[in-house]
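Descriptive structure summary
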2 protein chains.
Amino acid sequence: LGRLHVYTGDGKGKTSMAMGMAMRALGHGQRVVIIQFLKGQETGEQNIKNFNKKLIFKKFGSKNFIFEKKNQTDYTIAVDAVNFTLNILKTKPNLIILDEINVALNLGLISLDSAMTIINSCPKNTELVFTGRGAPKKILDIADLVTEMKNLKHYFNRGDKAKKGIEY
Amino acid sequence: LGRLHVYTGDGKGKTSMAMGMAMRALGHGQRVVIIQFLKGQETGEQNIKNFNKKLIFKKFGSKNFIFEKKNQTDYTIAVDAVNFTLNILKTKPNLIILDEINVALNLGLISLDSAMTIINSCPKNTELVFTGRGAPKKILDIADLVTEMKNLKHYFNRGDKAKKGIEY
């Protein structure tokens, strides 16, 4: 199996980190896949797809997703995301990033079984990356690398608003 | 003054995070500067400079830098990096990333005074990012945002070697 990286915690930087990882691998001409779970909105990072034709970038998530009010559509989209992931793993990319999958797991949009199927389908030389706060313990236990992004201080807590180019 | 972000800690992901931040801002057409301290070697992430003409990417650091045996050249290069930073701040970029500056501070290649001069020269709407393990307490105290990338588990500890596209 390929190695499993988990980037979790409540600090700023998880999605950015994943984009930077993609950039580094693409810089060496490697094949990279980024699959964003729970990202319906427009984001600055999606422009990474214009950078390199070797990058496959796919967003799943309804535009009006609300954490507290998930509905049937959100479950259907999550299943689509899992199936897309399983299919693309067969192409043996060098790096595959499942952005915010930990949150989807936490919300119950994706089952732990589905996550395990993904992990167990990861080809030997593929690096598999899970991001998002609140990664389940089972995932942390089997991961080959875990970095916790810990929020020590954040300007949101003094009332600053999310800023274009920095938060999205 | 612009806001100061600090990404520190011993976990994997700090430089990648910075590259991803750059990507996000560039995706919105913003002006971004990345200055790498202590990075003499070739890296995959340096290819980010081919992505967008609005990005200014500059590496400082001798090719054969050794932590334990720093010499006069390393100090000279560090001063160059600080001066380059101070000059480029005058152009008021949206985002400026000083990659590994925390390590340069820790090693004494850059003085805390120089770092404070940089911080105090940061224009109001510029986001200033410091990365690297071991950020000095003074820097953490005045930062507007601090994320600690904490190593909870790493495959290096079981003997895996650094891999192209993943570690560099």
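Okay, so let's go over this structure. (Residues numbered from 1 in each chain as written. Chains lettered and ligands numbered in written order. Predicted model: local features only at pLDDT ≥ 70, side-chain atom pairs only at ≥ 80, totals over all residues. Heavy atoms only, no water.)

**Points about the side chain of Glu127 of chain A**
Tracing the backbone shows Glu127 of chain A in strand β5 (residues 127–131). With a relative accessible area of 2%, Glu127 of chain A lands in the buried category. Here Lys163 of chain B takes part through its side chain, which lies 2.6 Å from a polar atom of the side chain of Glu127 of chain A. If we skip the residues at most four places from it in the chain, Glu127 of chain A touches Arg3, His5, Asn94, Leu95 and Ile96 of chain A together with Lys163 and Ile166 of chain B. (Helix = DSSP H or I, 4+ residues; strand = E, 2+ residues; numbered from the N terminus. Buried < 20%, exposed > 50% of the residue type's maximum accessible area, 1.4 Å probe, protein only. Polar contact = N/O pair within 3.5 Å; in protein donor to acceptor, adjacent residues only side chain to side chain. Contact = heavy atoms within 4.5 Å.)

**With respect to helix α1 (residues 14–27) of chain B**
Residue and element names in this part refer to chain B. When the terminal C-alpha atoms of α1 are compared, their 20 Å separation across 14 residues agrees well with the 20 Å that a helix rising 1.5 Å per residue should span. Counted residue by residue, α1 has 13 buried out of 14 residues, so it is predominantly covered. Of the residues flanking the end of α1, it is Gly29, one or two places downstream, whose phi is positive at about 80°. (Expected span 1.5 Å × (residues − 1).)

**A short note on the relation of the copies chain B and chain A**
With an RMSD of 0.0 Å, the operation that places chain B on chain A is a rotation of 180° combined with a shift of 0.0 Å along the axis. Taken together, the rotation angle and the small translation identify this as a two-fold axis. Taking the C-alpha atom as reference, chain B places Met17 of chain B closest to the rotation axis, 1.7 Å from it. Here 100% of the contact residues of chain B are again contact residues in chain A; the copies associate through an equivalent surface. (Least-squares fit on C-alpha atoms with pLDDT ≥ 70 in both.)

**Points about the interface of chain B and chain A**
Facing the 52 residues of chain B at the interface are 52 residues of chain A. Summing both sides of the interface, chain B and chain A together bury roughly 4500 Å²; the carbon and sulfur share of this comes to 55%. Counting the surface chain B buries against chain A, the share from its top three residues, Arg3, Arg24 and Lys153 of chain B, is 17%. In this assembly, chain B and chain A are joined by 6 salt bridges. If you look at where chain B meets chain A, you find 32 residue pairs in polar contact (both at pLDDT 80 or more). Put simply, the parts of the chain that give the side of chain B that touches chain A at least two residues each are β1 (4–8), α1, α5 (137–142) and β6 (145–153) of chain B. Broken down by element, the residue count for the side of chain B that touches chain A peaks at 10 residues, all from α1 of chain B. Looking at the side of chain B that touches chain A residue by residue, the classes come out as 19 nonpolar, 18 polar and 15 charged. Where strand β6 (residues 145–153) of chain A meets β6 of chain B, 7 bridges bridge the pair, whose relative direction is antiparallel. If you follow Lys150 of chain A over to β6 of chain B, its bridge partner there is Glu148 of chain B. (Buried area = accessible area lost by both parts, 1.4 Å probe. Salt bridge = Lys/Arg side-chain N within 4 Å of Asp/Glu carboxyl O. Nonpolar A, V, L, I, M, F, W, Y, C, P; charged D, E, K, R; others polar. Pairing = 2+ DSSP bridges.)

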